[in-house]
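# Survey of secondary and tertiary structure
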Amino acid sequence: PNGPYIALDLTHLGEDKINERLPYIREVTQRLVGIDPVHEPIPIAPAAHYSMGGIRANMTVTPLPHLFAAGECSCLSLHGANRLGSNSTAECLVFGAVAGEEAAKLALKSELPDLPQEKLAQEEKRVFDQILGNEGGERVSEIRTKMMDIMNEKVWIFRDEKRLAEAVKEIRALRERFKRAKVEDSSKVFNLGLINALELDFMLELAEVTALSALNRKESRGAHSRVDYPQRDDANWLKHTLVYYTVDGPMIDYAPVTITKWQPVERKY
Ligand SMILES: Cc1cc2nc3c(=O)[nH]c(=O)nc-3n(C[C@H](O)[C@H](O)[C@H](O)COP(=O)(O)OP(=O)(O)OC[C@H]3O[C@@H](n4cnc5c(N)ncnc54)[C@H](O)[C@@H]3O)c2cc1C
């Protein structure tokens, strides 16, 4: 249902071997796509299943006092330019524990500061007046689907200048459309439509940051494959991309990579 795919044929293995070695694969394909790999090939397509990069933190401590980051939302620089399979779960376990302990220690020795009433009022206005109270004619689900299409087609595995530039422009246009998005359900309690809209707002911002950073990085490195710049370029690009919020849009900056025992080498597989 989600576009082109290749067919992975396991039928030659037979039912006994599939049940013994690949029971989970059989269960998932039957449950999610209604296909039994004992009798039919499995459709295979690439999908984004991890977001590399995130809130910059040093051992979970972020530049914002009292904010800790761990897991997929964080960038602790431990994955290099391409996270290896299963390291995400390991990262969550290790750094989730670190963040929890550090946050608890800090909380025990901190006083709860006065809440900034003006900022709270601003945020309430944004959520309830601007987003929930929006009477514009745009649909949240349509903007979300369009964003997914743009990211899948233009910011996907193999990237190039033209399509990345188009993606940045189109995502910015979607962000403008989002300003006129209407949440169908006006309830202030358990409103999933409102949650979808709030999440989409954040996702559009991150989609722009992702596309812009990919457009800016004129080399290939790890999971970032530029067909127009296929080589890794350590002379110019052995550095982290940092993106800051400004009222005029995302601002790109850089940070050096800390290299300790293992020198970066060309991937030869
Ligand atoms: C299909 C798929 C397969 C994967 N396979 C593997 C694998 O084999 N091995 C591996 O290591 N990793 C794998 N991953 C990646 C791994 O599952 C994730 O990186 C990991 O689960 C992230 O955990 P997390 O706790 O950091 O984030 P999440 O699990 O995303 O948790 C974040 C939580 O924060 C909540 N949240 C978000 N915004 C707000 C807000 N504003 N207020 C309050 N709550 C909020 C969300 O609802 C969510 O519950 C896979 C991912 C996918 C999608």
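Residues numbered from 1 in each chain as written. Predicted model: local features only at pLDDT ≥ 70, side-chain atom pairs only at ≥ 80, totals over all residues. Heavy atoms only, no water.

### A few points about the overall build of the protein chain
Heads up, the condition is: For the purposes of this entry, the term helix denotes a DSSP run of H or I that reaches at least four residues, the term strand denotes a run of E that reaches at least two, and both are numbered from the N terminus. Working definition: with a 1.4 Å probe on protein chains only, accessible area under 20% of the residue-type maximum means buried, over 50% means exposed, and in between means partly exposed. Here, two residues are considered to be in contact whenever any of their heavy atoms come within 4.5 Å of each other. We score Asp and Glu as negative and Lys and Arg as positive, and we do not count His or the chain ends. Where a charge sits is defined by one atom per residue type, namely NZ (Lys), CZ (Arg), CG (Asp) or CD (Glu).
The secondary structure content of the protein chain amounts to eight helices and ten strands. Within the protein chain, buried positions represent 26% of all 269 residues. The contacts in the protein chain between residues at least 6 apart in sequence include a share of 56% that link residues at least 24 apart. Side-chain charges in the protein chain split into 35 positive and 40 negative, and the spacing between the mean points of these groups amounts to 5 Å.

### Overview of the pattern of salt bridges
Quick reminder of the rule: Here a salt bridge means any side-chain nitrogen of Lys or Arg lying within 4 Å of a carboxyl oxygen belonging to Asp or Glu.
Summed over all chains, the structure comprises 23 salt bridges. A salt bridge links Glu 20 to Arg 21; its shortest N-O distance comes to 3.6 Å. Summarising the burial analysis for this pair, Glu 20 and Arg 21 share the class exposed. Residue Glu 176 is joined to Lys 179 by a salt bridge in which the shortest nitrogen-to-oxygen separation is 2.9 Å. Looking at Lys 179, the relative accessible area reads 55%, which means it is exposed. Through salt bridges with shared partners, one network takes in Arg 217, Glu 219, Arg 221, Arg 232 and Asp 234.

### A look at helix H7 (residues 192-216)
The test is simple: Each residue after the first adds 1.5 Å to the expected span of a helix. For this analysis, a polar contact is any N or O atom pair within 3.5 Å, provided that within protein one partner can donate a hydrogen and the other can accept it, and provided that sequence-adjacent residues contribute only side-chain to side-chain pairs.
With 25 residues, H7 extends 36 Å from end C-alpha to end C-alpha; this agrees with the ideal 36 Å at 1.5 Å per step. The distance from a side-chain oxygen at the start of H7 to the backbone nitrogen of Gly 193 is 3.0 Å, and the residue carrying that oxygen is Asn 191.

### Points about the layout of surface pockets
Where we set the bar: Detection works on a 1 Å grid of protein atoms alone, calling trapped sets that fit a 1.4 Å probe cavities and calling open sets with protein on both sides within 12 Å along at least five of seven lines pockets, with lining residues defined by an atom within 4 Å of a point. Grid points are joined across faces, edges and corners, and a volume is the space filled by probe spheres set on the points. Nonpolar residues are Ala, Val, Leu, Ile, Met, Phe, Trp, Tyr, Cys and Pro. Charged residues are Asp, Glu, Lys and Arg, and all others, Gly as well, are polar.
In this structure, the second largest pocket encloses a volume near 170 Å³. Together, Arg 139, Val 140, Ser 141, Arg 144, Lys 182, Val 183, Glu 184, Asp 185, Gly 193 and Asn 196 line the second largest pocket. Sorting elements by how many residues they give to the lining of the second largest pocket places helix H5 (residues 140-154) first, with three residues. Its residues assigned to classes, the lining of the second largest pocket comprises two nonpolar, three polar and five charged.

### Quick look at the environment of Val 140
For Val 140, the position within the fold is in helix H5. Sequence spacing of Val 140 and Glu 102 is 38 residues, and the spatial spacing of their C-alpha atoms is 38 Å. Excluding its chain neighbours within four sequence positions, the residues that come into contact with Val 140 are Ala 181, Lys 182, Asn 196, Ala 197 and Leu 200.

### Side note on the packing of helix H4 (residues 117-132) against H7
For the record, the criterion: Note on geometry: axes are C-alpha line fits, over the in-contact stretch for helices, and angles between N-to-C directions span 0 to 180 degrees. With respect to orientation, any angle under 35 degrees is reported as roughly parallel, any angle over 145 as roughly antiparallel, any angle of 65 to 115 as roughly perpendicular, and every other angle as oblique.
Close contact between H4 and H7 brings their axes to 11 Å; oriented N to C, the two are set at 100°. The orientation of H4 with respect to H7, classified from their angle, is roughly perpendicular. For the pair formed by H4 and H7, the contact residues are Arg 126, Val 127, Phe 128, Ile 131 and Leu 132 on the first element and Leu 194, Ala 197, Leu 198, Asp 201 and Phe 202 on the second. Here the contact of H4 with H7 is built from residues that sort into eight nonpolar, no polar and two charged.

### Comments concerning the site of the ligand
Heads up, the condition is: We call a residue near a molecule or strand as soon as one heavy atom of that residue lies within 4 Å of the molecule or strand. Surface accessibility follows the Shrake-Rupley procedure with a 1.4 Å probe radius. Residue values consider only the protein chains on display as shielding.
Every residue near the ligand is listed here: His 49, Tyr 50, Gly 71, Glu 72, Arg 83, Ser 86, Asn 87, Ser 88, Thr 89 and Cys 92. In the environment of the ligand, an oxygen atom lies 3.1 Å from a nitrogen or oxygen atom belonging to the backbone of Ser 86. One of the side-chain N or O atoms of Ser 88 is found 2.5 Å from an oxygen atom in the ligand. The protein chains hide 32% of the 1,000 Å² of surface that the ligand would expose on its own. Tallied by class, residues from the shell around the ligand come to two nonpolar, six polar and two charged.

### A short note on the confidence of the model for the protein chain
Operational definition: pLDDT: the predictor's confidence for each residue, scored from 0 to 100.
Predicted confidence across the protein chain gives a mean pLDDT of 94, with 99% of residues reaching 70 or more. Taking the mean pLDDT of every element in the protein chain, the minimum, 93, falls on strand S2 (residues 42-44) and the maximum, 98, on helix H6 (residues 161-178).

### Focus: H5
Heads up, the rule is: As used here, the arc is the angular range of directions from the helix axis to the C-beta atoms.
Compared with an ideal rise of 1.5 Å per residue, which puts 15 residues at 21 Å, H5 spans 21 Å between its outermost C-alpha atoms and is within 8% of the ideal. All of the buried residues in H5 are Val 140, Ile 143, Met 147, Ile 150 and Lys 154. Taken around the axis of H5, the buried residues stretch over an arc of 100°, which confines them to a single face. Against the buried residues of H5 lie strand S5 (138-139), H6, strand S7 (181-182) and H7.

### What about the pairing of strand S10 (residues 251-256)?
Operational definition: In this scheme, strands are said to pair when DSSP sees at least two bridges between them.
Relative to S10, strand S9 (residues 239-244) runs antiparallel, the two sharing six bridges. Along S10, the bridge assignment pairs His 240 with Ala 255. Connecting S9 to the antiparallel partner S10 that follows it, the hairpin turn spans six residues, and Gly 249 within it adopts a positive phi of roughly 120°.

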